[in-house]
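Chain residues, written in single-letter form:
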Amino acid sequence: MSIRHGLLALLERGPRYGSQLRTEFESRTGSTWPLNVGQVYTTLNRLERDGMVAQGGEDAAGHTLYAITDSGRAELRTWFEKPVDRTSPARDELAIKLAMAVGAPGVDIRAVIQSQRRHTVKAMQDYTRLKARALLAVEGGGARERDDVAWLLVLEQLIFQTEAEARWLDHCESRLIRLSATAAAGSPATAPAGPTAPSAPVLPAAPAVSSAPVGPSAPSAPAAPAEPGTPAS
């Protein structure tokens, strides 16, 4: 999320001071991405360094006001017109966790998935309740209608996101079950007993030969010399 561009968008509506920008930013996004004042002023200093904002005096309470410059407006227009880049997606902690859990010793990955699914479904229910309130606020109108509409759009994005996450978790569990079944079917322990069937008769055959001659071998020993003696006479 670009805090820098968010602040520029708020400054386009008129000069503001740091804590005022923080309050309006959180109001517009429903405090989904809370900011601290230090973060706001750090960003303002960088924008001022880059020539996109300039200090514009003070208000009646002595707060330093910041105003957007022409360079800042051009940057803002470019940001609105340019699609958000998805070729380098932000790191997703859940995806990284599941990737690392695969094959990790002592980790039940299905338990990890089920625990996350419960949390995701609860979050989706919470977002849905907030959406109902936001809809009532938008339909009722009022001075904060712009912020209410913005918050509604953010909430709906969060709902779609959690719905997609829940479907992905279901898919991950199904995928792991299929892979586990495939691995079990192809393991040597469950392979067809083709090699063991021939080897079973072979093993008994060897002892049978060695034990059977024990009795007959005694008479057969004298019989062998008798035959050479007959031709000699």
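Residues numbered from 1 in each chain as written. Predicted model: local features only at pLDDT ≥ 70, side-chain atom pairs only at ≥ 80, totals over all residues. Heavy atoms only, no water.

Q: Please explain the pattern of salt bridges as it appears in this structure.
A: Close approach of charged atoms lets side chains of opposite charge pair. Tallied over the entire structure, the rule returns 12 salt bridges. Of the charged contacts in the structure, one is a salt bridge between R117 and E173, with a shortest N-O distance of 2.7 Å. In this pair, R117 is assigned in helix α6 (residues 109-140) and E173 in helix α7 (residues 145-186), connecting sequence segments 56 residues apart. We note that R117, like E173, is buried. (Salt bridge = Lys/Arg side-chain N within 4 Å of Asp/Glu carboxyl O. Helix = DSSP H or I, 4+ residues; strand = E, 2+ residues; numbered from the N terminus. Buried < 20%, exposed > 50% of the residue type's maximum accessible area, 1.4 Å probe, protein only.)

Q: Just to check I follow, could you spell out unusual backbone geometry for this structure?
A: What you tend to see is this: most non-glycine residues have negative phi, and most peptide bonds are trans. One non-glycine residue, S31, lies in the positive phi region at around 60°. Inspection of the secondary structure assignment puts S31 in the loop between α2 (18-29) and α3 (37-49).

Q: Help me understand the packing of aromatic side chains, please; the structure alone is not making it clear to me.
A: Between two aromatic rings, the relevant description is the distance of the centres plus the angle of the planes. Overall, the coordinates contain two aromatic pairs when judged by the stated rule. Ring geometry for W79 against F80: centres 5.3 Å apart, planes inclined by 40°, an arrangement best described as tilted. Since its relative accessible area comes to 49%, F80 is described here as partly exposed. (Phe/Tyr/Trp six-rings, centres within 6.5 Å; stacked < 30°, edge-to-face > 60°.)

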